[in-house]
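# Report on the structure
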Amino acid sequence: MAEQFEQKRRRRLSSVNFAWLLPNLITLASLSCGMTAIRYAFADRFEAAVLLVALAGIFDALDGRMARLLKSSSNFGAQLDSLCDMVVFGVVPALMLYLFALEDAGRIAWGACIFYAACCALRLARFNSELHDTPTWAANYFTGIPSPAAAFLVLLPIIASFRLDADIMRESLFLASWLVVIGIGAISTIPTFAGKGIKLPRALALPALGFFVLVVAMLISRPWDVMIALGVIYVAMIPVSIIRFNRIKTNALKAASDLKS
């Protein structure tokens, strides 16, 4: 009996099914997009570089959900996802901004790039270490700005430069300060919406799908305008997220104290 069990265990370890491979392939596709974005940035083709980082963000949103859907989540996949996120959303945006306008700005600008990348690493490490410690009432919120959103905000001045002819978009002091601010936001304890627990009434399902199609159509026709609008909306939602989180936290703590008494 023990020998049969050992043989079955060895067969499981010696083979990997496609359900396990697919999420990891999507994660590696995200990494490939990020690395290729650097290549385009070196060639001064920042439009293509930004689109590749956006595509990497889509892949990053899909890999974990695909793993849960296929019931193939693993510690290997989680570690691979974090390592790829560090490169794609930590290193790549900082390098792109550096090549865009900070290359001749001296050591302070380079230090800002290092600071942002380090903050992204710290944010990912905190997320991994506290993943199982999140209370149920806080499941719909991230602690700090998540790495993909931080990368998008870092690239926002580049995106804005595609539509706005403003000197501030290439001002080294502004961009270095922007990197530092986003880095601080990533490692802060500011609660930000995770979007995991959003539920809509059945009557709003079709209008929501129609609105999504409209956003996609606008992204295709006017991508930079839509990305700028999304960035502004995201920043504007942070105070709303803080207010709602504090309200939920207060109610949860009050309910817990009532149960104890």
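Now for a look at the structure at hand. (Residues numbered from 1 in each chain as written. Predicted model: local features only at pLDDT ≥ 70, side-chain atom pairs only at ≥ 80, totals over all residues. Heavy atoms only, no water.)

Take the state of the cysteines next. Chemically, a disulfide is nothing more than a covalent bond linking the sulfur atoms of two cysteines. Considering all chains together, one arrives at zero disulfides under this definition. Counting only cysteine sulfurs, Cys119 is the nearest neighbor of Cys120, a cysteine outside any disulfide, at a range of 8.8 Å. Cys120 sits in the buried class, given a relative accessible area of 2%. (Disulfide = S-S within 2.5 Å. Buried < 20%, exposed > 50% of the residue type's maximum accessible area, 1.4 Å probe, protein only.)

This brings us to helix α4 (residues 75-102). With 28 residues, α4 should reach 40 Å at 1.5 Å per residue; the first-to-last C-alpha distance of 38 Å fits that figure. Val92 marks the point of greatest bend in α4, at about 30°, and the proline Pro93 comes within the next four residues. (Helix = DSSP H or I, 4+ residues; strand = E, 2+ residues; numbered from the N terminus. Expected span 1.5 Å × (residues − 1). Bend = angle between axes of the 7 residues up to and from the residue.)

Let's shift gears to the pattern of salt bridges. Taken as a whole and judged by the stated rule, the model has two salt bridges. Asp225 is the salt-bridge partner of Arg163, the closest N and O atoms lying 2.9 Å from each other. Taken together, the positions of Arg163 in the loop between α7 (156-161) and α8 (172-187) and Asp225 in helix α10 (residues 223-260) put the pair 62 residues apart, joining distant regions of the chain. Here Arg163 falls in the partly exposed class, since its relative accessible area comes to 43%. For Arg222, the salt bridge identified is with Asp225, shortest N-O distance 2.7 Å. According to the relative accessible area criterion, Arg222 is partly exposed, its value standing at 46%. Classification of Asp225 by relative accessible area gives partly exposed; the value is 26%. A single salt-bridge network, built from bridges that share partners, covers Arg163, Arg222 and Asp225. (Salt bridge = Lys/Arg side-chain N within 4 Å of Asp/Glu carboxyl O.)

A few words on the packing of aromatic side chains. In total, this model carries seven aromatic pairs according to the counting rule given. Judged by centre distance (5.3 Å) and plane angle (85°), the ring pair of Phe46 and Phe100 falls under edge-to-face. Of this pair, Phe46 sits in helix α3 (residues 46-69) while Phe100 is found in helix α4, placing the two residues 54 residues apart along the sequence. As far as the burial class goes, Phe46 and Phe100 line up, both buried. For the pair Tyr141 and Phe193, a centre-to-centre distance of 5.3 Å together with 35° between the ring planes defines the contact as tilted. One end of the pair, Tyr141, is in strand β1 (residues 141-143); the other, Phe193, is in strand β2 (residues 191-193), and 52 residues separate them in sequence. The exposure class assigned to Tyr141 is buried, which follows from its relative accessible area of 10%. Ring pairs connect the aromatic residues Tyr141, Phe193 and Phe245, which therefore count as one cluster. (Phe/Tyr/Trp six-rings, centres within 6.5 Å; stacked < 30°, edge-to-face > 60°.)

Here we come to a nonpolar patch on the surface. A cluster of nonpolar side chains, Phe18, Leu21, Leu25 and Leu28, forms an exposed patch at the surface whose accessible area comes to about 360 Å². Within the fold, Leu21 resides in helix α2 (residues 18-42). Residue Leu21 is classed as partly exposed on the basis of its relative accessible area, which comes to 34%. (Patch = residues over 30% accessible without salt bridge, like charges linked within 9 Å, V, L, I, M, F, W, Y side chains within 5 Å. Areas by Shrake-Rupley, 256 points an atom, 1.4 Å probe, with all protein chains shown as cover.)

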